[in-house]
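What the coordinates show
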Amino acid sequence: MPSAVGVWVADFFTYETTKSVVVKSWSVGIINRIVQGFIIAYFVGWVFIHEKAYQTTDTGIESSVMTKVKGFGFHNGRIMDVADYVLPPQGAGVFCIMTRLIITENQFRGRCQESQGRYECHTDANCTKHLDSILTNGKITGTCLRYGEELGKCEIEGWCPAEDDSVTLTPMIDVLNFTIFIKNSIRFPLFDVTRGNFPSTMTSNEIKRCLYHPEKNPYCPIFSIRDIFTYTKQNVTTLAEKGGEIGINIEWKCNLDLDIEQCKPRYSFTRLDAPFAKNAVSKGYNFRFAKYFKTDNGTEYRTLHKAFAIRFDVMVTGNAGKFDMVPTLINLVAAFTSIGLGTVLCDLILLNFLKGADQYKAKKFEEVSDAQIAASLAPSPESQLSLKRDIKSSYDSGALSLAASDQAV
């Protein structure tokens, strides 16, 4: 009995080669051609036509964005222009349009009452528990300021009088009439291609008169905020009251095998803070800023602004592709290799599910030992070129099938 190690060594040092077996079966043949057809359609339709796998792609887009807002509005009885409601004023790719503004004027450093209702008190003990609070308008001192028998409020040290953001103000609905001008230039460094977001042939008069529309005027760089609210399905009153964030995406997908003039931008709009729109806390968008002054004797004071604003983020994405022989050859080899999957599927069906699977296995898999090869090559008494009597020609592949008498004893 051969040992297990000997059997393992014998099995390890074997060689397998393919053997062609022609199966005359309509069902298997149809399945094979259908699978091959799907594979060819996938590579031609999806890989080469849709994904353009024959191209080298540059995704490292370089971009510059400049913006400018136009329009006038009224808020709290005051006329507001761009210098009043747009921050920052430099015209960057991220900017805010203030829609509601709470102003606390003439604040001096000192001590005064906290304005928020949560810091009401009867005694100093009610205030000492808030000593480490960071939600106040100043540093809690631990003293309860009361006037008579009325309910008091905790004392703070900071800018006084404290801001009271509970006031009711009507937001600036005129924001709907504002427009945003976007100037975007991009470059694909791999191909050294530079493009702008509106045609170079567009005149200044055309730019001043046009307004972006996805179908009628898709390359106009001026956008109506009213239209942006429509595209994002937002309610202006809600958004202007609490603030929010809207994204303007400029997408560049350029096929550089075509005319360079076909490399044009596509715009889309979305509400970026939509996941927080229904939250009880941290809803909307607001921030504070101050303007500082000095009295005649040098004492510093300020005017504090709490702004509720719509923040616009201009985001630029894209890629460019151009024909290259290397990815073309790689994907062609992958396509030709994948066609062989049809053979794998048909073999599984033949070996496991159809009648006559045993006969197919016998035809497909055949073991040949060194002894059989030596026996088949040994000269016979009749002729050096003739085959042994028991060796028959295989009809399925043109190979030789060995008889049982030729097996090694």
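Refer to the structure presented above.
Small disclaimer: the values here were computed from a predicted structure and weren't measured.

What counts, and where the lines are drawn
- Residues numbered from 1 in each chain as written.
- Predicted model: local features only at pLDDT ≥ 70, side-chain atom pairs only at ≥ 80, totals over all residues.
- Heavy atoms only, no water.
- Phe/Tyr/Trp six-rings, centres within 6.5 Å; stacked < 30°, edge-to-face > 60°.
- Helix = DSSP H or I, 4+ residues; strand = E, 2+ residues; numbered from the N terminus.
- Lys NZ or Arg CZ within 6 Å of the ring centre and 35° of its normal.
- 1 Å grid on protein atoms, 1.4 Å probe; cavity = no way out; pocket = protein on both sides within 12 Å on 5 of 7 lines; lining within 4 Å.
- Points joined across faces, edges and corners; volume = space filled by probe spheres on them.
- Nonpolar A, V, L, I, M, F, W, Y, C, P; charged D, E, K, R; others polar.
- Core = buried A, V, L, I, M, F, W, Y, C linked by side-chain atoms within 4.5 Å.
- Buried < 20%, exposed > 50% of the residue type's maximum accessible area, 1.4 Å probe, protein only.
- Contact = heavy atoms within 4.5 Å.
- Axes fitted to C-alpha atoms, helices over the stretch in contact; angles between N-to-C directions.
- Parallel < 35°, antiparallel > 145°, perpendicular 65-115°, else oblique.
- Left-handed = near helix turned anticlockwise from the far one by under 90°.
- Salt bridge = Lys/Arg side-chain N within 4 Å of Asp/Glu carboxyl O.
- Lys, Arg positive; Asp, Glu negative; His and termini not counted.
- Polar contact = N/O pair within 3.5 Å; in protein donor to acceptor, adjacent residues only side chain to side chain.
- Pairing = 2+ DSSP bridges.

**Section: the packing of aromatic side chains**
Per the stated rule, a full pass over the model turns up 17 aromatic pairs. Ring centres 4.6 Å apart and planes at 10 degrees place the aromatic pair Tyr85 and Phe178 in the stacked group. On the criterion of sequence distance, the pair formed by Tyr85 in helix α3 (residues 82-85) and Phe178 in the loop between β9 (152-160) and β10 (179-188) is long-range, its members being 93 residues apart. Taken together, the aromatic side chains of Tyr212, Phe223, Tyr231, Tyr267 and Phe269 make up a single cluster linked through ring pairs. Directly above the ring of Phe308 sits Arg100, whose terminal nitrogen or CZ lies 4.0 Å from the centroid.

**Overview of empty space enclosed by the protein**
Counted by the stated rule, this structure contains one cavity of 30 Å³ or more. Empty space within the largest cavity amounts to approximately 40 Å³. A breakdown of the residues in the lining of the largest cavity according to their chemical character gives three nonpolar, two polar and one charged.

**As for the nonpolar core**
In terms of nonpolar packing, the biggest core is built from 44 residues, with Tyr85, Ile97, Trp252 and Phe312 touching the most fellow members. Of all the secondary structure elements, the ones that give two or more residues to this core are β2 (62-70), β6 (94-113), β10, α6 (225-232), α7 (236-242), β13 (244-255), β14 (265-271) and β16 (300-323). Looking at this core element by element, the count peaks at seven residues for β16. Setting aside residues no more than four positions away along its own chain, Phe312 makes contact with Gly93, Val94, Phe95, Ile97, Ile180, Ile225, Ile228, Ile246 and Ile248. Cys121, Cys127, Ile140 and Cys154 belong to the second largest nonpolar core, which has ten residues in total.

**What about the environment of Gly321?**
Turning to its location among the elements, Gly321 is positioned in strand β16. When the C-alpha positions of Gly321 and Cys254 are compared, they lie 6.5 Å apart, and in sequence the two are 67 residues distant.

**Re the packing of helix α2 (residues 26-50) against helix α9 (residues 341-352)**
Where α2 contacts α9, the two axes come as close as 8 Å, and the packing angle between them is 150 degrees. As the angle between them shows, α2 and α9 are arranged roughly antiparallel. The chirality of how α2 crosses α9 is right-handed. Residue-level inspection shows Val28, Ile31, Asn32, Val35 and Ile39 of α2 in contact with α9, the latter providing Leu341, Gly342, Thr343, Leu345, Cys346, Ile349 and Leu350. Looking at the contact of α2 with α9 residue by residue, the classes come out as nine nonpolar, three polar and no charged.

**As for unusual backbone geometry**
Note that the residue after Leu87, namely Pro88, is joined by a cis bond; omega there is -10 degrees. Relative to the assigned elements, Pro88 resides in the loop between β5 (86-87) and β6. Cis geometry marks the peptide bond from Cys160 to Pro161; its omega dihedral reads 0 degrees. With respect to the helices and strands, Pro161 occurs in the loop between β9 and β10. Not every positive phi belongs to a glycine, and Asp192 is a case in point at roughly 55 degrees. Note that Asp192 resides in the loop between β10 and β11 (193-196).

**Considering the pattern of salt bridges**
Going through the model one piece at a time under the given rule, you end up with 14 salt bridges. Residue Glu241 pairs with Arg100 through a salt bridge whose shortest N-O separation is 3.6 Å. Taken together, the positions of Glu241 in helix α7 and Arg100 in strand β6 put the pair 141 residues apart, joining distant regions of the chain. Residue Glu241 is classed as partly exposed on the basis of its relative accessible area, which comes to 26%. One salt bridge connects Arg111 with Glu157, and the closest N-O pair in it is separated by 3.6 Å. Placement of Arg111 in strand β6 and of Glu157 in strand β9 is noted, with a sequence separation of 46 residues between them. Taken together, the shared-partner salt bridges in this structure form one network comprising Glu163, Asp165, Arg288 and Lys306.

**Comments concerning the side chain of Asp58**
Position of Asp58 among the secondary structure elements: in strand β1 (residues 55-58). This buried residue, Asp58, is left without a salt bridge; Arg187 holds the nearest opposite charge, at 7.5 Å. Among the polar contacts made by the side chain of Asp58, one reaches the main-chain amide nitrogen of Gly60 at a distance of 3.0 Å. Apart from the residues within four sequence positions on either side, Asp58 is in contact with Phe188, Pro189, Leu190, Phe191, Gly318, Asn319 and Ala320.

**Some remarks on the pairing of β6**
Relative to β6, β5 runs antiparallel, the two sharing two bridges. Among the inter-strand pairings, Leu87 is bridged to a residue of β6, identified as Cys96. Counted between consecutive antiparallel strands, the loop separating β5 from β6 contains six residues, among which Gly91 sits at a positive phi close to 80 degrees. Pairing between β6 and β16: twelve bridges, direction antiparallel. Within β16, the residue paired with Arg100 across the bridge is Phe308. Note that β6 and β9 share six bridges and pair antiparallel. Paired with Gln113 across the bridge in β9 is Glu155.

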